[in-house]
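Structural overview for review
Spelled out, the chains give:
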2 protein chains.
Amino acid sequence: MKAVLSPEEGKHKFVLKTPKGTRDYSPKQMAIREKVFTTIINCFKRHGAETIDTPVFELKETLTGKYGEDSKLIYDLKDQGGELLSLRYDLTVPFARYLAMNKITNIKRYHIAKVYRRDNPAMTRGRYREFYQCDFDIAGQYDAMIPDAECLKIVHEILSALQIGDFCIKVNDRRILDGMFAVCGVPDSKFRTICSTVDKLDKVSWEDVKSEMVGEKGLAPEIADSIGEYVKLHGGLSLIEQLLQDPKLSQNKLAKEGLGEMKQLFEYLALFGISDQTSFDLSLARGLDYYTGVIYEAVLLQQQKNDHMEESVGVGSVAGGGRYDGLVGMFDPKGRKVPCVGVSIGIERIFSIMEQKVEASEEKIRTTETQVLVASAQKKLLEERLKLVSELWDSGIKAEMLYKKNPKLLSQFQYCEETGIPLVAIIGEQELKDGIVKLRDVATREEVDICRGKLVEEIKRRTCLP
Amino acid sequence: MKAVLSPEEGKHKFVLKTPKGTRDYSPKQMAIREKVFTTIINCFKRHGAETIDTPVFELKETLTGKYGEDSKLIYDLKDQGGELLSLRYDLTVPFARYLAMNKITNIKRYHIAKVYRRDNPAMTRGRYREFYQCDFDIAGQYDAMIPDAECLKIVHEILSALQIGDFCIKVNDRRILDGMFAVCGVPDSKFRTICSTVDKLDKVSWEDVKSEMVGEKGLAPEIADSIGEYVKLHGGLSLIEQLLQDPKLSQNKLAKEGLGEMKQLFEYLALFGISDQTSFDLSLARGLDYYTGVIYEAVLLQQQKNDHMEESVGVGSVAGGGRYDGLVGMFDPKGRKVPCVGVSIGIERIFSIMEQKVEASEEKIRTTETQVLVASAQKKLLEERLKLVSELWDSGIKAEMLYKKNPKLLSQFQYCEETGIPLVAIIGEQELKDGIVKLRDVATREEVDICRGKLVEEIKRRTCLP
């Protein structure tokens, strides 16, 4: 054992690290993470969602054929006998498997869990191989665009509540994209691969995209150019109206259907008061294969600027989703479809921003919730401290004591200062005799004697949240 | 794709299941799970713990040599190029790795996360291959037995709060075990393997344990018999006093040290008021290699009985832990030790019991928290419902509406009955004209007109928790 672990032995160099692309969360990071999760979960619950959980791995074949080109990024488990397993790549495919397996046709659920991608990590930009997704999905056959509009409302509520700066939600529809490809003359067989190329427009220039279309994917330059005319368009209701009149697009059944529903969607978004942050954007394509209707992506409009960092964390998309009406049917033995629409909040990038904000503000974040430290000024009072702290725990008070037989009073006060504990309950021989406790306010240093029977009540009164 | 997925095609049979030994959690199960977690987290926070998180997988070498015979149960990831990785087997080794990596010498932290063991699953008994552990650990050099006593207090608080029946916390010490082995004449090299055999005493008879000691592990029968005399002992302070006088044990330095601290521990447990549920038990050994001092395990004393099930879930140990002073040092390049003691709550068995309790009580568990359904009696009011539900969301009210253009009033009421939504906010032409909303109490069917500006306040008043 020791031979393996101590580098002195020289046989093995033991590397003390987390796997590539992963990280630990420190207590401080966890405090920020909990805050973000609470905001998100509150929103999901406000919209009446239930929650489910699925295993971290699935049968390999469950994931096969769902992610297109990205399938190479799936983590497989070693074949140790038994089933072939893979770590989940997202929460959407496990959700669809769950619906099909349990024959559920209607559900509104959220699921917050880690997913795994063997991607090239860019950890400073919040891109990891293990990362959280916060998914909200509505499954069921409903009237058009009502659940879809609610998903966008949810993105808007969450990004507003998190106060991470201005954002824009880009919206498009796979049917409009496919209709556009058709009227531009793209052969049917190339729809998905050209769609993947269009998806790169948020990272590279139109020239590069065009050259991929023509060079790699064999599209005629004129076809690429006419796609280019469309994908530069973005706007609101008036753009939708304009395209509904577009001589080419309006002749395509799919595009017309998509545009008609897009109009309806924007009317609902207006009722929700979120049209201003929403943009119908024909360049939005989304990578995943399984989308069948409306798609969307939320991007932050400006980078965080602060006094401490010249160069700030560059973050792009923080949420995305869309409609996938065919995925559940892929798992159903009879191919029965369950229409679904959902959204996934990309938490890691949001964490990066929040962490940076906290660093910048020099705001002190508490990592515990302890209300009171049980302390003593004199020696030989360990037993009395144990009794008092136990009384407080049993009354629901968050309390600590130092794990020393005879700690110094000063070190007990210092511990409170360091960890943000607001109160100290001090006992000594005299206090014990008198049946009282000296309650000290750490901030003001004021001390008052409290009758021991009233201590719990007094601590609760002083530490209740406003 | 379709060829793979539809069994009709006959090429592949697609199996719709979760991996062996794993399960999904339905919304109802999640509601129970959340309740259990809340109880546990509240307790950990009451004791001043911070929380951390670590990746679900570690470098394979991080886990190597920590689990003794159980190492064969570790899940490895497939070698897809890059590092060799394994899924975490517990939360203790990642915690020790975290402490060494960050040079942390003092921390009190909890960690609730899933761990993975390629064990033989017994899912009806709550034994899974993917399962939650809820760990609380105290790291740091402190006065003897104070943190150890707090860990036992925590087990006691949690099991009491969960109300899952009577329990007993068995306590022993590796030093007492090793001292006992020494005075009985077990050779040093066989301490750990004999310890593993003793650990089986909660499942098999002494005769079987003895025959393993003698047959498989080559111990002389007299030695096994003298171990047999000790391991049948269990009791409280008086047993400790008795053993401190034991002519053989009292001569052994390790045993004497262990017994002396055990006495101190029991005095602290008395101050915490939990001696009655704690038993010093010389048959308790614990499987894991890394324990160095006090060890403990909580077992439920009786099985759940109820009207609906003749045969009830048999559950054994629901929490366990101990002191492991050497583990962090195994990761530190200079071998610097950080003494640690901790406890792990085994949630899955507790879930099984809670689920069974809920089934038996026929208690209706809500899986959402929706306070009000926005409804209309008349047609063509979709837009008005969207506007109202959006107003409510923006005011922090948990609200839903049916995703239909013209739902029937009855189906809106039925939805509330099914999902437990207590209130319905009904709007019609007249209400809109009058600037009011009809608020219906689902349980009493009473309806009152509320001025729209007062609606939020009224919903909050009616649905605030007592």
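Quantities reported herein were computed from a predicted structural model and do not represent experimental measurements.

Focus: the overall build of chain A
The number of helices and strands found in chain A is 17 helices and 16 strands. Here the C-alpha radius of gyration of chain A, 29 Å, is well above what a compact globule of 466 residues would show, namely 23 Å. Across its three principal axes, chain A shows a C-alpha extent of roughly 95 × 65 × 50 Å. In chain A, buried positions account for 55% of the 466 residues. When contacts within chain A are restricted to residue pairs at least 6 apart in sequence, long-range pairs at least 24 apart make up 68% of them. Counting every atom, chain A has about 19,900 Å² of accessible surface; 49% of that belongs to carbon and sulfur.

Let's talk about the environment of Ile-194 of chain B
Tracing the backbone through its elements, the reader meets Ile-194 of chain B in helix α7 (residues 191-198). Those residues in contact with Ile-194 of chain B that lie beyond four places of it in its chain are Phe-181, Val-186, Met-213, Lys-217, Leu-219 and Ile-227 of chain B.

Here we look at the interface of chain B and chain A
Between chain B and chain A, the contact holds 99 residues from the first and 99 residues from the second. Buried area between chain B and chain A, both sides added, is near 8,800 Å², and the carbon and sulfur share of it is 60%. When the buried surface of chain B facing chain A is broken down by residue, Leu-16, Trp-393 and Tyr-403 of chain B rank first, second and third, together holding 10% of it. Linking chain B to chain A there are 16 salt bridges. There are 44 residue pairs in polar contact (both at pLDDT 80 or more) connecting chain B and chain A. Among the elements that line the side of chain B that touches chain A, the one with the most residues is helix α14 (residues 382-394) of chain B, at eight residues. Of the residues contributing to the side of chain B that touches chain A, the split by class is 45 nonpolar, 19 polar and 35 charged.

What to know about unusual backbone geometry
In this model, Lys-380 of chain A sits at a positive phi of 60°, which is unusual for a non-glycine residue. Note on placement: Lys-380 of chain A falls in the loop between β12 (372-376) and α14 (382-394). The class for Lys-380 of chain A is exposed, based on a relative accessible area of 75%. At Lys-103 of chain B, a residue that is not glycine, the phi angle is positive and equals roughly 50°. Along the chain, Lys-103 of chain B falls in the loop between α4 (92-101) and β4 (107-116).

Quick notes on the relation of the copies chain B and chain A
For these two chain copies, the linking operation is a rotation about an axis paired with a shift along it. For the pair chain B and chain A, the superposition axis carries a translation of 0.0 Å, the fit reaches an RMSD of 0.0 Å, and the rotation angle comes to 180°. The symmetry that links the two subunits is that of a two-fold axis. Of the residues that chain B buries at the interface, 100% are likewise interface residues in chain A, meaning the two copies contact each other through the same surface.

Thoughts on the sheet that holds strand β11 (residues 340-346) of chain B
Residues and elements named next belong to chain B. Read from one edge to the other, the open sheet built from nine strands follows the order β1-β4-β5-β11-β10-β9-β6-β8-β7, with strand pairing classed as mixed. The outermost strands of the open sheet, each flanked by one partner alone, are β1 (50-51) and β7 (234-235). Across ten bridges, the pairing between β4 and strand β5 (residues 130-139) is antiparallel. From the neighbouring strand, Tyr-116 faces β5, where its bridge partner is Glu-130.

Digging into the pairing of strand β11 (residues 340-346) of chain A
All names here are of chain A. Judged by how many residues are buried, β11 sits mostly within the fold: six of seven residues are covered. Looking at chain direction, strand β10 (residues 317-323) and β11 are connected through five bridges and run antiparallel. For Gly-320, the partnering residue across the bridge sits in β11 and is Ser-344.

Considerations on the domain arrangement of chain A
Each assigned domain of chain A is listed with its residue range as follows: domain 1 (27-361) and domain 2 (372-463). Spacing between the C-alpha centres of domain 1 of chain A and domain 2 of chain A amounts to 52 Å.

Some points on the sheet that holds strand β6 (residues 167-173) of chain A
Residues and elements named next belong to chain A. One open sheet holds the nine strands; their spatial order is β1-β4-β5-β11-β10-β9-β6-β8-β7, and the pairing between them is mixed. Unpaired on one side and paired on the other, β1 (50-51) and β7 (234-235) mark the two borders of the sheet. Where helix α5 (residues 146-162) meets the sheet, it contacts β5 (130-139), β6, β9 (294-300), β10 and β11, and its direction lies at approximately 15° from that of β11. Against the sheet, helix α6 (residues 174-184) makes contact with β6, β8 (278-281) and β9, and its axis sits at roughly 55° relative to β6, the strand it touches most.

Examining the packing of aromatic side chains
Overall, the coordinates contain 27 aromatic pairs over all chains when judged by the stated rule. Look at Phe-44 of chain B and Tyr-110 of chain B: their rings are 5.5 Å apart centre to centre, the planes differ by 35°, and that puts the pair in the tilted class. With Phe-44 of chain B in helix α2 (residues 27-46) and Tyr-110 of chain B in strand β4, the pair connects residues that are 66 residues apart, well separated along the chain. In terms of burial, Phe-44 of chain B and Tyr-110 of chain B fall into one category: buried. Taken together, Tyr-67, Tyr-89, Tyr-290, Tyr-291 and Tyr-324 of chain A form an aromatic cluster joined through their ring pairs. The lysine or arginine in question, Arg-33 of chain A, covers the ring of Tyr-25 of chain A, its NZ or CZ lying 4.5 Å from the ring centre. Across from the ring centre of Phe-95 of chain A, 4.0 Å away, lies the NZ or CZ of Arg-109 of chain A, which sits over that ring.

Observations concerning the pattern of salt bridges
Counted under the stated rule, the structure contains 73 salt bridges over all chains. A salt bridge links Arg-462 of chain A to Glu-458 of chain A, with the nearest nitrogen and oxygen atoms 2.8 Å apart. Pair noted here: Arg-462 of chain A and Glu-458 of chain A are both in helix α17 (residues 455-463), with a separation of four residues, about one helical turn. Judged by relative accessible area, which is 15%, Glu-458 of chain A ranks as buried. Linking Glu-297 of chain B and Arg-286 of chain B is a salt bridge whose minimum nitrogen-to-oxygen distance equals 2.8 Å. Of the two residues, Glu-297 of chain B sits in strand β9 (residues 294-300) while Arg-286 of chain B sits in the loop between β8 (278-281) and β9, which places them eleven residues apart along the sequence. Across this residue pair, the class does not change: Glu-297 of chain B and Arg-286 of chain B are buried.

Describing the nonpolar core
Grouped together as the largest cluster of nonpolar side chains are 127 residues, with contacts concentrated most on Phe-44, Leu-99, Met-180, Phe-181, Ile-227 and Phe-280 of chain A. Per-element tally for this core: the top contributor is α5 of chain A, with nine residues. The contacts of Phe-181 of chain A, once residues within four sequence positions are left out, are Val-186, Phe-191, Ile-194, Cys-195, Val-198 and Ile-227 of chain A. Counting residues in hydrophobic clusters, the runner-up holds 124 residues, among them Ala-139, Met-145, Leu-327 and Ile-347 of chain B.

Focus on a positive patch on the surface
Residues and elements named next belong to chain A. Side chains of Lys-379, Lys-380, Lys-404 and Lys-408 sit close together on the surface and give a patch of like positive charge. Relative to the elements of secondary structure, Lys-404 occurs in the loop between β13 (399-400) and α15 (409-419). For Lys-404, a relative accessible area of 45% corresponds to the partly exposed category.

Remarks on the packing of α5 of chain A against α14 of chain B
One can describe the packing of α5 of chain A onto α14 of chain B by two numbers: an axis separation of 12 Å at closest approach and a directional angle of 25°. Here α14 of chain B runs roughly parallel to α5 of chain A, going by the angle between their axes. Between α5 of chain A and α14 of chain B lies a crossing of right-handed hand. For the pair α5 of chain A and α14 of chain B, the contacting residues are Ile-146, Glu-150, Lys-153 and Glu-157 of chain A in the first and Leu-382, Leu-386, Ser-390, Trp-393 and Asp-394 of chain B in the second.

Quick notes on the state of the cysteines
Residues and elements named next belong to chain A. What the rule picks out here adds up to zero disulfides over all chains. With no disulfide of its own, Cys-340 lies 10 Å from the sulfur of Cys-151, the closest cysteine sulfur. No disulfide involves Cys-416; its nearest neighbouring cysteine sulfur is the one of Cys-464, lying 19 Å away.

A look at helix α11 (residues 253-271) of chain B
Residues and elements named next belong to chain B. Relative to the 27 Å expected for 19 residues at 1.5 Å per residue, α11 spans 28 Å between its end C-alpha atoms, a close match to the ideal helical length. Among the residues making up α11, those that are buried are Ala-255, Gly-258, Leu-259, Met-262, Gln-264, Leu-265, Phe-266, Tyr-268 and Leu-269. Capping of α11 at its N-terminal end is provided by Asn-252; its side-chain oxygen lies 3.0 Å from the backbone amide nitrogen of Leu-254. Of the residues trailing α11, Gly-273 is marked for its positive phi of about 75°.

Here is what the cut-offs are and how they apply
- Residues numbered from 1 in each chain as written.
- Chains lettered and ligands numbered in written order.
- Predicted model: local features only at pLDDT ≥ 70, side-chain atom pairs only at ≥ 80, totals over all residues.
- Heavy atoms only, no water.
- Helix = DSSP H or I, 4+ residues; strand = E, 2+ residues; numbered from the N terminus.
- Rg over C-alpha atoms; globule rule 2.2 N^0.38 Å.
- Buried < 20%, exposed > 50% of the residue type's maximum accessible area, 1.4 Å probe, protein only.
- Contact = heavy atoms within 4.5 Å.
- Areas by Shrake-Rupley, 256 points an atom, 1.4 Å probe, with all protein chains shown as cover.
- Buried area = accessible area lost by both parts, 1.4 Å probe.
- Salt bridge = Lys/Arg side-chain N within 4 Å of Asp/Glu carboxyl O.
- Polar contact = N/O pair within 3.5 Å; in protein donor to acceptor, adjacent residues only side chain to side chain.
- Nonpolar A, V, L, I, M, F, W, Y, C, P; charged D, E, K, R; others polar.
- Least-squares fit on C-alpha atoms with pLDDT ≥ 70 in both.
- Pairing = 2+ DSSP bridges.
- Domains from an automatic or database assignment.
- Axes fitted to C-alpha atoms, helices over the stretch in contact; angles between N-to-C directions.
- Phe/Tyr/Trp six-rings, centres within 6.5 Å; stacked < 30°, edge-to-face > 60°.
- Lys NZ or Arg CZ within 6 Å of the ring centre and 35° of its normal.
- Core = buried A, V, L, I, M, F, W, Y, C linked by side-chain atoms within 4.5 Å.
- Patch = residues over 30% accessible without salt bridge, like charges linked within 9 Å, V, L, I, M, F, W, Y side chains within 5 Å.
- Lys, Arg positive; Asp, Glu negative; His and termini not counted.
- Charge placed at Lys NZ, Arg CZ, Asp CG, Glu CD.
- Parallel < 35°, antiparallel > 145°, perpendicular 65-115°, else oblique.
- Left-handed = near helix turned anticlockwise from the far one by under 90°.
- Disulfide = S-S within 2.5 Å.
- Expected span 1.5 Å × (residues − 1).

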